[in-house]
Amino acid sequence: MILEGIHQRSIKRTADGAGAYILDQRELPWAVKWVELRSARDAEIAIREMWTRGAPLIGATAAYGLAMALAEDGSDTSLAANYALLLEARPTAVNLKWALDAVVAAVTPLAPAERASAAFARADAICDEDVSLNKAIGEHGLALFRELHAQHPDRPLNILTHCNAGWLATVDYGTATAPIYLAHDAGIPVHVWVDETRPRNQGALLTAFELAGHGVPHTVIADNAGGHLMMTGQVDAVIVGTDRVTANGDVCNKIGTYLKALAARDNDVPFYVALPYTTFDAATPTGADVPIEERSGDEVAYVAGEGGRIRITASHAANPAFDVTPARLVTGYLTERGLLDRV
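This write-up is about the structure you can find in this document. (Residues numbered from 1 in each chain as written. Predicted model: local features only at pLDDT ≥ 70, side-chain atom pairs only at ≥ 80, totals over all residues. Heavy atoms only, no water.)

Details of unusual backbone geometry
Here is step 1 of the chain: For the peptide bond that leads from Leu 28 to Pro 29, omega is 0 degrees, which places it in the cis range.
Here is step 2 of the chain: Here Pro 29 shows up in the loop between strand S4 (20–23) and strand S5 (34–37).
Here is step 3 of the chain: Cis geometry marks the peptide bond from Arg 198 to Pro 199; its omega dihedral reads 10 degrees.
Here is step 4 of the chain: Structurally, Pro 199 is set in the loop between strand S7 (190–195) and helix H7 (202–214).
Here is step 5 of the chain: Despite not being glycine, Met 50 shows a phi value in the positive range, around 60 degrees.
Here is step 6 of the chain: The residue Met 50 is located in the loop between helix H1 (40–48) and helix H2 (55–72) in this model.
Here is step 7 of the chain: Look at Met 50 and you get buried, because its relative accessible area is 2%. (Helix = DSSP H or I, 4+ residues; strand = E, 2+ residues; numbered from the N terminus. Buried < 20%, exposed > 50% of the residue type's maximum accessible area, 1.4 Å probe, protein only.)

Structure, rendered in structure tokens:
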């Protein structure tokens, strides 16, 4: 990622190797603030309260959190308790459990005194793998974007995306944004329609921040504008990330994704889902089986901006954080293995 003119990752070890730094995404784009995590409890709070977010990145954060816990106490009791603590931080994204399971598998055969170093090594490897997976997704997406742009070479390629599936949601590159960055760098004129993504505005705040830093032309739109833009021929493709893809290909992603998929289908606009293998959940049959996180209604009732929070309704608000897009609405799955018509 390009942050303040420097290429860096969204999570990194502390100088002494015993903790990790994450960006406090609640402060973006108004301020760039790194937060130091020193314990499993720190990591759990950061994930649950969305200081950090995005399926791959919360997996990496949880992996470091479990390593920090084992540095304090490498016993089986500590391993089990802190695994449970971190697993419950957010229920929908499957990468969280995947990363924790990977650390557990690495340390279980070892003596308690040896577990912390092995856990940190596994967390480092999870981060490195995420970067390589996302770069591969970007390269396959670049080939797709070349084909799409060739259909209308006289104008920019117009891509619509929802929520934030960029380097702020991963360790680097992003999933849905990886092909956008690579296309821009390759000289393909690309313009991105950025859904604001209520209620937390990850598009308006985070995706737009990323794209601006990389120099990618983009326009922030209200969530309800996407269908109009598709109907009037102003969108060449929709690409989104995902927090979990189930065995049948259903896609669980940020609330509002399903409506974009419906509009795309009605207007013959291709709808792509970008994901690494770590986000595929073969153990869950369909999207109906995925636990949908219900967050505080205050996230709907209040809007956060540069000047603080403003209440916009006096009424009770509900806040389901995710919805499920049926596999039948997905044109293709953009993975590290290439563009697939089914997972």
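We are not done yet, so read on.
Brief notes about the packing of aromatic side chains
Here is step 1 of the chain: Across all of its chains, the model carries three aromatic pairs by this definition.
Here is step 2 of the chain: With centroids separated by 6.4 Å and ring planes inclined at 40 degrees, the aromatic side chains of Tyr 64 and Phe 120 adopt a geometry described as tilted. Placement of Tyr 64 in helix H2 and of Phe 120 in helix H5 (residues 112–151) is noted, with a sequence separation of 56 residues between them. Here Tyr 64 and Phe 120 have matching classes, each one buried.
Here is step 3 of the chain: The lysine or arginine in question, Lys 12, covers the ring of Trp 34, its NZ or CZ lying 3.9 Å from the ring centre. (Phe/Tyr/Trp six-rings, centres within 6.5 Å; stacked < 30°, edge-to-face > 60°. Lys NZ or Arg CZ within 6 Å of the ring centre and 35° of its normal.)

Here we look at the pattern of salt bridges
Here is step 1 of the chain: This structure, assessed with the given rule, holds 17 salt bridges.
Here is step 2 of the chain: The closest approach of N and O atoms between Asp 128 and Arg 9, which form a salt bridge, is 2.8 Å. Here Asp 128 is found in helix H5, whereas its partner Arg 9 is found in the loop between strand S2 (6–7) and strand S3 (11–13), with 119 residues between them in sequence.
Here is step 3 of the chain: Under the relative-accessibility criterion, Asp 128 is labelled partly exposed at 43%.
Here is step 4 of the chain: A salt bridge links Asp 101 to Lys 97, with the shortest nitrogen-to-oxygen separation between them at 2.7 Å. Residue Asp 101 and its partner Lys 97 are located together in helix H4 (residues 94–107), separated by four residues, close to a single helical turn.
Here is step 5 of the chain: Judged by its relative accessible area of 28%, Asp 101 falls in the partly exposed class.
Here is step 6 of the chain: By relative accessible area, which is 40% here, Lys 97 ends up partly exposed.
Here is step 7 of the chain: Salt bridges sharing partners connect three or more residues here, namely Arg 90, Arg 200, Glu 293, Arg 295 and Glu 299. (Salt bridge = Lys/Arg side-chain N within 4 Å of Asp/Glu carboxyl O.)

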